[in-house]
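Working through the structure, step by step
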Amino acid sequence: MNNIILIGFASCGKSAAAIALSNAAGCKCFDLDRVIENIYEKKHGSALSCRKIFQSAGSQGFNELETEAIISLSKMRSSILSTGGRAPMREENRTLFKSMGHIVYLKCGVEVILKRMADKGIPASMGNSPQGVSDEWKKREPVYSALADMVIVNDTLSPNETALAILDGLVPNSSSSNKKR
């Protein structure tokens, strides 16, 4: 099996779908946010969440750390990678993702994303506001769509249903309507 790279907006279900996909396919799963947090902790001796790292390091510092994390995973084989929502916005990261495997865009509408963000809150990088989420979604959506080998609309899918849709779409001669043409 080739690597599968999951991209999409914050709270679209990448992490949960990656775990379900890893279980269904019997392969390793990596969450880019956890890799970033581990690298940060090794460098700075303190553990911080990605949100706190972003606040501490700023956008540029976080971007550099994120690219370092992707490079550290570039040799992974037969694995699933759940990325951060900002990761595909950097050209260098897009090039790395393309070299690593199949790119699957998990697409959700803004309304669904806002509902899913209710527990964690809206990231500061999006202005802590629904309008900020909508504006950022409009910027990112075309980038995600252009990068993806496959698009799965998962507004109403469970993580397991999302995983099955991805596996179905990756099977040669699949009749899946979710496959990007």
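Placed above this text is the structure.
Here's what I pulled together on the structure shown here. Quantities reported herein were computed from a predicted structural model and do not represent experimental measurements.

1. So, the overall build of the protein chain
A tally of regular secondary structure across the protein chain gives seven helices and five strands. Listing the helices and strands of the protein chain from first to last along the sequence gives β-α-β-α-α-β-α-β-α-α-β-α. Its C-alpha atoms put the protein chain at 45 × 35 × 25 Å along the principal axes. Within the protein chain, the proportion of its 181 residues that are buried is 47%. Computed over 23 positive and 18 negative side-chain charges, the inter-centroid distance for the protein chain is 2 Å.

2. Concerning the pairing of strand 4 (residues 102-107)
Strand direction decides the pairing type here: strand 1 (residues 4-7) and strand 4, joined by four bridges, are parallel. Each bridged residue has a counterpart across the sheet, and for Leu-6 the counterpart in strand 4 is Val-104. Sheet topology places strand 4 next to strand 5 (residues 150-153); four bridges connect them, and they run parallel. Residue pairing for strand 5: Val-104 is matched across the bridge by Met-150.

3. A few points about the packing of helix 3 (residues 50-72) against helix 4 (residues 91-100)
Where helix 3 meets helix 4, the axes come as close as 10 Å, and the angle between the chain directions of the two elements is 15°. In this view, helix 3 runs roughly parallel relative to helix 4, as classed from their interaxial angle. Once helix 3 is placed against helix 4, the crossing between them reads as left-handed. Contact residues: Glu-66, Thr-67, Ile-70 and Ile-71 in helix 3; Glu-92, Asn-93, Leu-96, Phe-97 and Met-100 in helix 4. Counted by class, the contact of helix 3 with helix 4 contains five nonpolar, two polar and two charged residues.

Conventions used here
Residues numbered from 1 in each chain as written. Predicted model: local features only at pLDDT ≥ 70, side-chain atom pairs only at ≥ 80, totals over all residues. Heavy atoms only, no water. Helix = DSSP H or I, 4+ residues; strand = E, 2+ residues; numbered from the N terminus. Buried < 20%, exposed > 50% of the residue type's maximum accessible area, 1.4 Å probe, protein only. Lys, Arg positive; Asp, Glu negative; His and termini not counted. Charge placed at Lys NZ, Arg CZ, Asp CG, Glu CD. Pairing = 2+ DSSP bridges. Axes fitted to C-alpha atoms, helices over the stretch in contact; angles between N-to-C directions. Parallel < 35°, antiparallel > 145°, perpendicular 65-115°, else oblique. Left-handed = near helix turned anticlockwise from the far one by under 90°. Contact = heavy atoms within 4.5 Å. Nonpolar A, V, L, I, M, F, W, Y, C, P; charged D, E, K, R; others polar.

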